[in-house]
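Observations on the model geometry
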Amino acid sequence: MIGRKNMGRESPLLLILLTVGFFFGTYNLLTTIIGHKGTEVDDLDSISEQNVIDPVIQMPRKVKLAENPKLPFHIALTATDSSYSQWQCRIMYYWYKKVKDLPGSDMGGFTRVLHSGKPDNLMDEIPTFVVDPLPAGLDRGYIVLNRPWAFVQWLEKANIPEEYILMAEPDHIFVKPLPNLASEKYPVAFPFFYIKPAENEKSLRKFYPEEKGPVTDIDPIGNSPVIIKKNLLEKIAPTWMNASLGMKDDPETDKAFGWVLEMYAYAVASALHGVQHILRKDFMIQPPWDTEIGKTFIIHFTYGCDYSLKGELTYGKIGEWRFDKRSYLRGPPPKNLPLPPPGVPESVVTLVKKVNEATANIPGWDTEDKEQRNENS
């Protein structure tokens, strides 16, 4: 198939740089994560009848609780043609198909927006729309900078029948059917505790001028996961792209935001267009810090899960048992990964079980894994 012979041949130096970058991107947040106590609204039902204003985003409660008719949304995720991105996309797409048509779902079509500029060997397996990457060198090694540019191209060129879009990522696994949580004027997003506009006013004022309002009008979010009306995203996407490039081009802002720069850029772009998001903490969980599945819809496996054989989380240290997507930069994980030891939280156990179910049922997974190992030997 197209591109198969080039898989797994990433430069060793590039892989080392990626690994180091991912390591710091993950573990620099550890102390903050450990001490974090959520302040967002966990569940709409927890808001008292007397409290008509959501303190997180200052939105009338009646807007949030209004029930939409069935409004399907299109699932879109940006991706590269690297083996690291591909195996995550395959697992993500498996779980999309698994839950799409179950009761309670408003999930519509699916597109992998491939910003490598050319088709790859997954074109027949996953619905894919190929767009161009940024010009060489413009992303400065920050591959995520291609995401807003990819969405701009896709929105301009693709035929998208649904009026709503879920912006997702390859390392998302659907836990259960996802309804359309957004409304026409208010997209829905997951609140990230480490996106703190109020603490970064100096940097943000370069891109969100004072006449626009207080920086607290900028939502504590990234672009994913977000469910948003297509016409709103069409307005936001070019601004998001320009804000991302501008932030990356400003050394002070680049240093301040680091690996979450593109997330801040989306939040700023939305605020510039006067778009506020409904914040749903139950939108997704992020093991190992979120320990229970609860009412969540998505598992985001961005962090490494490291435990002792006694089931104790080893903060920032490689565990005797571990699952970390960065362990598989060169090729997909094998089938039947060992389950965590007793005492490890439900969220991590569920994550590994779902990865194992997907790899056991995706055709050709064994072949793919064997080819990667042969090419990397």
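This is a predicted model, so every value here is computed, not measured.

1. Let's talk about the environment of P363
- Tracing the backbone through its elements, the reader meets P363 in the loop between α10 (346-361) and α11 (365-376).
- Separated by 238 residues in the primary sequence, P363 and E125 have C-alpha atoms spaced 9.6 Å apart.

2. Focus on the nonpolar core
- Of all hydrophobic cores here, the largest spans 105 residues; its most connected members are I75, F174 and L178.
- Of the residues forming this core, the biggest block, 10 residues, is contributed by helix α4 (residues 83-99).
- Not counting chain neighbours up to four residues away, the residues in contact with F174 comprise I75, M92, W95, Y96, V99, M107, L166, F297, I298 and K354.

3. Concerning the sheet that holds strand β11 (residues 284-285)
- Here three strands make up an open sheet; going across it, the order is β7-β12-β11 and the pairing mixed. Both edges of this open sheet fall to β7 (172-174) and β11, since each of them pairs with a single strand only.
- In this fold α10 packs onto β7, β11 and β12 (298-300), with an angle of close to 85 degrees to the strand it touches most, β7.

4. Details of the packing of helix α5 (residues 146-157) against helix α7 (residues 230-249)
- Close contact between α5 and α7 brings their axes to 8 Å; oriented N to C, the two are set at 145 degrees. Here α5 and α7 pass one another in a crossing that is left-handed. Contacts between α5 and α7 involve R147, P148, W149, F151, V152 and L155 from the former and K230, L233, E234, A237, P238, W240, M241 and S244 from the latter.
- Of the residues contributing to the contact of α5 with α7, the split by class is 10 nonpolar, one polar and three charged.

Calculation notes
Residues numbered from 1 in each chain as written. Predicted model: local features only at pLDDT ≥ 70, side-chain atom pairs only at ≥ 80, totals over all residues. Heavy atoms only, no water. Helix = DSSP H or I, 4+ residues; strand = E, 2+ residues; numbered from the N terminus. Core = buried A, V, L, I, M, F, W, Y, C linked by side-chain atoms within 4.5 Å. Buried < 20%, exposed > 50% of the residue type's maximum accessible area, 1.4 Å probe, protein only. Contact = heavy atoms within 4.5 Å. Pairing = 2+ DSSP bridges. Axes fitted to C-alpha atoms, helices over the stretch in contact; angles between N-to-C directions. Left-handed = near helix turned anticlockwise from the far one by under 90°. Nonpolar A, V, L, I, M, F, W, Y, C, P; charged D, E, K, R; others polar.

Everything listed here is a matter of geometry and, on its own, says nothing about what the molecule does.
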